[in-house]
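# Descriptive structure summary
Each chain, letter by letter, is given below.
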Amino acid sequence: MERTFLAIKPDGVQRGLIGEIIKRFEAKGFTLVGLKIMKASRQLAEQHYDVHKERPFFNDLVSFIISGPLVAMVWEGEGVIASARKIIGATNPLNAEPGTLRGDFGISVGRNLIHGSDAPETAQKEIALWFKDEELVSWEPSLKSWLVE
């Protein structure tokens, strides 16, 4: 079963959108296997955004993600990475379709509510960075037989 890492960024937490965001993934039929609210350290944020280290916006990304509490999550399900990216919407909320999280609630590229892994390799790396193995709970929802053939 595929897993992905999602993080509700400080703007999503401050705006009271945690429940709305989680609801969308639950309604889609994905299983929440890891969840914690936390304030990321600078070191963790820099590791997370390491792929952007040479870009001019790297320091802004790091500063924003450590500016307040965030909600780190691991979700599981068939095709969860690609599906989550569709639920989240385009990086720039101005380009995000209505019905996506960023299309419905996003303000700007710098305040776009949520991070989602973009590929299986990225998901594995991010999950290992943000969660210890013992913080993840494998379980099977009783509804699974109604959702998966």
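Residues numbered from 1 in each chain as written. Predicted model: local features only at pLDDT ≥ 70, side-chain atom pairs only at ≥ 80, totals over all residues. Heavy atoms only, no water.

### Regarding the sheet that holds strand β1 (residues 3–8)
So the rule is basically this: The criterion for strand pairing is that DSSP finds at least two bridges linking the strands in question. Helix numbers and strand numbers start at the N terminus; a helix is a DSSP run of H or I with at least 4 residues, a strand a run of E with at least 2. Angles here are taken between N-to-C directions and fall from 0 to 180 degrees, while the axes themselves are lines fitted to C-alpha atoms, restricted in helices to the stretch in contact. In this analysis, two residues are considered to be in contact whenever any of their non-hydrogen atoms come within 4.5 Å of each other.
Across the sheet, which stays open at both edges, the four strands sit in the order β2-β3-β1-β4 with antiparallel pairing between neighbours. Each edge of the sheet is formed by a strand with only one pairing partner; in this case those strands are β2 (31–38) and β4 (114–116). Adjacent strand axes in the sheet meet at a mean angle of 15° when their direction is disregarded. As judged from the six bridges shared by β1 and strand β3 (residues 70–76), these two strands associate in the antiparallel manner. Within β3, the position partnered with Thr4 by the bridge is Trp75. Strand contacts of helix α5 (residues 80–88): β1, β3 and β4, with the helix running at about 25° to β1, the strand carrying the most contacts. Contacting β1, β2, β3 and β4, helix α7 (residues 120–130) runs over the sheet at an angle of about 55° to β1.

### Focus: the environment of Ala40
Where we set the bar: When accessible area is computed with a 1.4 Å probe and restricted to protein chains, residues below 20% of their type maximum are described as buried, those above 50% as exposed, and intermediate ones as partly exposed.
Here Ala40 lies in the loop between β2 and α3 (42–48). The exposure class of Ala40 is buried, given its relative accessible area of 6%. The spatial distance from the C-alpha of Ala40 to the C-alpha of Ser67 is 8.5 Å, given a sequence separation of 27 residues. If we ignore the near neighbours within four places in the chain, the residues touching Ala40 are Ile65, Ile66, Leu70 and Trp130.

### Some remarks on the pairing of β1
When you tally the buried positions in β1, you get five out of six residues, the bulk of the element. In terms of strand pairing, β1 meets β4 through three bridges, oriented antiparallel. Bridge pairing in β4 links Ile8 to Ile114.

### What about helix α4 (residues 58–65)?
Side chains that are three or four residues apart share a direction in an α-helix, a result of its 3.6 residues per turn. The cut-off we apply is this: In this description, one arc is meant: the one made by directions from the helix axis to the C-beta atoms.
For α4, the full list of buried residues reads Phe58, Val62, Phe64 and Ile65. One side of α4 carries all its buried residues, which in axial view fall inside an arc of 165°. In α4, the exposed positions that point more than 90 degrees away from the buried face belong to Asn59 and Asp60. Along its buried surface, α4 packs onto α1 (10–14), α3 and β3.

### Examining the UniProt feature "domain: Nucleoside diphosphate kinase-like" (unreviewed entry) in the protein
Which entries qualify depends on this criterion: UniProt positions are given in the numbering used here, feature names are shortened, and annotations may be inferred rather than shown by experiment.
The positions UniProt marks with the feature "domain: Nucleoside diphosphate kinase-like" (unreviewed entry) are residues 1–138. What you have in residues 1–138 is 41% helix and 17% strand, and the ends, taken at the C-alpha atoms, are 10 Å apart.

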